[in-house]
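The primary structure of each chain is shown beneath.
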Amino acid sequence: MGDKSGQSALRTYKSLDEEGLFGSAELPKRPTGSLVMHSMAMFGREFCYAVEAAYVTPVLLSVGLPKSLYSMVWLLSPILGFLLQPVVGSASDHCRARWGRRRPYILTLGVMMLLGMAMYLNGDAIISALIADSRKKPIWAISITMIGVVLFDFAADFIDGPIKAYLFDVCTHQDKERGLHYHALFTGLGGALGYLLGAIDWAHLELGRLLGTEFQVMFFFSSLVLTLCFIIHLCSIPEAPLREVAKNIPPQQAPQDLALSSDKMYEYGSIEKVKNGCVNQELVLRGGKPKNPAEQTQRTMTLRSLLRALRSMPPYYRCLCVSHLIGWTAFLSNMLFFTDFMGQIVYHGDPYGAHNSTEFLIYQRGVEVGCWGLCINSMFSSLYSYFQKALVPCIGLKGLYFLGYLLFGLGTGFIGLFPNVYSTLVMCTLFGVMSSTLYTVPFNLIAVYHQEEQKQRALGGGPDGSGRGQGLDCAALTCMVQLAQILVGGGLGLLVNIAGSVVVVVITASAVALIGCCFVALFVRYMD
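The model shown is predicted, which means the values in this text are computed figures rather than measured ones. (Residues numbered from 1 in each chain as written. Predicted model: local features only at pLDDT ≥ 70, side-chain atom pairs only at ≥ 80, totals over all residues. Heavy atoms only, no water.)

Now for the overall build of the protein. If you tally the helices and strands in the protein, you get 18 helices and two strands. Pairs at least 24 apart in sequence give 82% of the contacts found in the protein among residues at least 6 apart. With the model as given, the accessible surface of the protein reaches about 23,000 Å², and the carbon-plus-sulfur share is 65%. (Helix = DSSP H or I, 4+ residues; strand = E, 2+ residues; numbered from the N terminus. Contact = heavy atoms within 4.5 Å. Areas by Shrake-Rupley, 256 points an atom, 1.4 Å probe, with all protein chains shown as cover.)

See below:
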């Protein structure tokens, strides 16, 4: 590794004096193939999300879930995620597994997603095979299905934070931006494919007859796609384990002197030993001294230290979290009720009519067209994420953020005031703009904030972070998605009951998005 031929493809770790501010933690440029492989996790996750959106309501109805338990199903997962996400984010920042900090959590949550899908798509079949008592079957089927839905939602919501933190750990700032665009691209593609497969009537096809029901068909496709995508993702970019530097190194020795300025090169992601220990990249970035592993783990895993770390966030982090909350509240308000809006308001159907009545069949037709609208949203989200890279030099992150909220607010307001089949489907393209914006711009800003903090720490004048890491910051940001789900699930149902029409949901989404326009323009911090 010491010859000159390998130096063009691999950067070395050198001291701060030798290579400037970030020489001690410079990362190699990641090839496009590695970033695409890393993005496959988002493809698999969104594919399974789309399958859940298409099938979870029919599944819950098929097992006889009482209406009084619907709110519990939809609210339990985001409440758990909102409370526990920062804890897992902080824990992953200090995970010392040989496989890396983020990948053990990603693998665990991926297995939980697979288990949750198996339970809610096959719960009735599992109980029928295990329990012979017909009186107990419905209770057990409802219980297993509910647990499966909550487990899947919990893991799928949770996994976004570790995936983003994994990307940030192993990539340069430029590669982080490219990686986030690929994430948004494959998120849209996965959602579109999931909606398309969900729209197929599998019950009348040979595969449906072979596997039993359309629920089993979708579980077959979902489990296959999720497994393959996560295997590719976990093998995409090597991740260095977070290890303490050898104990026999004198404590007064500066971090940049710890074999980082030697002639030997160390690739990020490899597990090269330095004497009796490993290079700790985060230690070098923070300019701190190694601590006892037990003391460090105990400090970061206590609730008090976690709350202290969250409170120590600079004001601009909190403003970014608030803007993310506003955006997701507007987006989910529209998306969760969109198919119902198409069936009731656009098609003038009746979801409470007799199942053989004309009004109910019209409502079902509206729901089917609404699913195609969601597919258009996913496809345009992928397309827009591709063009974002060209727009950033022209309008910057501030322009992208503002434009996403503005177009979504105007589009939802238009279909709320003038509901029409064709105009509504056209406006679904603007939903894709908002979706791509929410998946990329806030995390781009997190990456920019961390880069700025690293520069300040290298100059000796920046904050020490007070125990915060990229995992905790990403978790705090994705917590806003769960909080938005809680607000939407707990508040919009009451709002619809008061207003007596689903139109109020679309108008509310428009108003919240337009408020978000003002917030992202006035309060969110942007850096050149």
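Our next topic: the environment of Ile139. Its location among the elements puts Ile139 in helix α5 (residues 137-158). With 74 residues separating them in the primary sequence, Ile139 and Leu65 have C-alpha atoms 9.0 Å apart.

Another point: unusual backbone geometry. With a phi angle near 60 degrees, His348 is a residue other than glycine that sits in the positive phi range. Residue position: His348 is located in the loop between α14 (338-346) and α15 (358-417). When its relative accessible area of 62% is taken as the criterion, His348 is described as exposed. (Buried < 20%, exposed > 50% of the residue type's maximum accessible area, 1.4 Å probe, protein only.)

Turning to the packing of α15 against helix α16 (residues 421-458), a few remarks are in order. Orientation of α15 relative to α16, taken along the N-to-C sense of each, is 40 degrees, at an axis distance of 5 Å. If you check the angle between α15 and α16, you find them oblique. Considering only residue class, the contact of α15 with α16 consists of 25 nonpolar, 17 polar and no charged. (Axes fitted to C-alpha atoms, helices over the stretch in contact; angles between N-to-C directions. Parallel < 35°, antiparallel > 145°, perpendicular 65-115°, else oblique. Nonpolar A, V, L, I, M, F, W, Y, C, P; charged D, E, K, R; others polar.)

All right, on to the side chain of His181 then. Along the chain, the position of His181 falls in helix α7 (residues 173-199). With a relative accessible area of 7%, His181 lands in the buried category. Apart from residues no more than four positions distant in its own chain, His181 is found in contact with Ser385, Gln388, Lys389 and Thr440.

A few words now on helix α13 (residues 315-335). With 21 residues, α13 should reach 30 Å at 1.5 Å per residue; the first-to-last C-alpha distance of 30 Å fits that figure. Counting buried residues in α13 gives 17 out of 21 residues, a clear majority hidden from the surface. (Expected span 1.5 Å × (residues − 1).)

Another aspect to go through is the confidence of the model for the protein. Taken as a whole, the protein shows an average pLDDT of 77; of its residues, 77% reach a score of 70 or greater. Element-level mean pLDDT values for the protein span from 33 in helix α1 (residues 16-19) up to 93 in helix α18 (residues 503-522). Counting interchain partners and residues more than four positions distant, the pLDDT-below-50 stretch residues 1-25 has 47 contacts. In this model, residues 244-302 is a region of pLDDT below 50 whose contacts with residues beyond four sequence positions or in other chains number 101 contacts. (pLDDT = per-residue confidence, 0-100.)

Tallying each qualifying case throughout the model produces 16 aromatic pairs. Ring centres 5.4 Å apart and planes at 65 degrees place the aromatic pair Phe220 and Phe221 in the edge-to-face group. Taking the centre distance of 5.6 Å and the plane angle of 85 degrees together, the rings of Trp328 and Phe331 count as edge-to-face. With Trp328 and Phe331 both in helix α13 and three residues apart, the pair spans about one turn of that helix. Each member of the pair Trp328 and Phe331 is classed as buried. (Phe/Tyr/Trp six-rings, centres within 6.5 Å; stacked < 30°, edge-to-face > 60°.)

All right, on to the pattern of salt bridges then. All chains considered together, the criterion is met by eight salt bridges. Between Lys29 and Asp175 there is a salt bridge whose closest N-O contact spans 3.9 Å. Here Asp175 lies in helix α7 and Lys29 lies in the loop between α1 and α2 (32-62), a separation of 146 residues in the sequence. A salt bridge links Asp169 to Arg102, with the nearest nitrogen and oxygen atoms 2.6 Å apart. With Asp169 in helix α6 (residues 160-170) and Arg102 in the loop between α3 (70-93) and α4 (103-130), this residue pair connects regions lying 67 residues apart in the sequence. With respect to class, Asp169 is no different from Arg102; both count as buried. One network of salt bridges, in which partners are shared, links Lys29, Asp175 and Arg178. (Salt bridge = Lys/Arg side-chain N within 4 Å of Asp/Glu carboxyl O.)

What follows deals with a nonpolar patch on the surface. Together, Met72, Leu76, Ile79, Leu80, Leu83 and Leu84 make up an exposed nonpolar region whose accessible area comes to about 500 Å². Overall, the relative accessible area of 34% leaves Leu80 in the partly exposed class. (Patch = residues over 30% accessible without salt bridge, like charges linked within 9 Å, V, L, I, M, F, W, Y side chains within 5 Å.)

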